[in-house]
Amino acid sequence: MLMDNPWLTVATVVTVGVLRLMGDVIRWLAARSGERLRARTLAELVSRTAPGTVLTDHRPDGAALTIRRRVEERDGGDRGE
């Protein structure tokens, strides 16, 4: 009987709360990792394209990430290289 021992009830409630919090943290970390992977993939795609290329990643939640490749990249530009 769970209600006969108040400490067991408290321990159960705390354990369930900690497990839910851990699940939330794991989901948050996974989402962050996914976002970093998407950004790196987009940057890699842009680095392999012609100067002046613009790529935009539109997401289902309405957010968008746009990366533009500068014209002076990889050809020295005006840096005296």
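Residues numbered from 1 in each chain as written. Predicted model: local features only at pLDDT ≥ 70, side-chain atom pairs only at ≥ 80, totals over all residues. Heavy atoms only, no water.

Q: Would you mind going over the pattern of salt bridges with me for this structure?
A: Two side chains that carry opposite charge are able to pair once their charged atoms sit near each other. Enumeration over the complete set of coordinates arrives at 5 salt bridges. Two residues, Glu35 and Arg59, come together in a salt bridge whose shortest N-O distance is 2.7 Å. A residue pair is termed long-range when its members are at least 10 positions apart, and Glu35 in helix 1 (residues 6-47) and Arg59 in the loop between strand 1 (54-58) and strand 2 (64-68) qualify at 24 residues. Given a relative accessible area of 35%, Glu35 falls into the partly exposed group. We classify Arg59 as buried; its relative accessible area is 16%. A single salt-bridge network, built from bridges that share partners, covers Glu35, Arg38, Asp57 and Arg59. (Salt bridge = Lys/Arg side-chain N within 4 Å of Asp/Glu carboxyl O. Helix = DSSP H or I, 4+ residues; strand = E, 2+ residues; numbered from the N terminus. Buried < 20%, exposed > 50% of the residue type's maximum accessible area, 1.4 Å probe, protein only.)

Q: Help me understand the confidence of the model for the protein chain, please; the structure alone is not making it clear to me.
A: Any segment with low pLDDT has predicted coordinates that should not be analysed in fine detail. With 85% of its residues at a pLDDT of at least 70, the protein chain reaches an overall mean of 82. Looking over the protein chain, one finds the lowest element-wise mean pLDDT in strand 2, namely 83, and the highest in helix 1, namely 90. (pLDDT = per-residue confidence, 0-100.)

Q: Hey, could you run me through the environment of Thr49 in this one?
A: Position of Thr49 among the secondary structure elements: in the loop between helix 1 and strand 1. In this structure the C-alpha to C-alpha distance between Thr49 and Arg69, which are 20 residues apart in sequence, comes to 8.1 Å. Among the polar contacts made by the side chain of Thr49, one reaches the main-chain carbonyl oxygen of Val46 at a distance of 2.6 Å. (Polar contact = N/O pair within 3.5 Å; in protein donor to acceptor, adjacent residues only side chain to side chain.)

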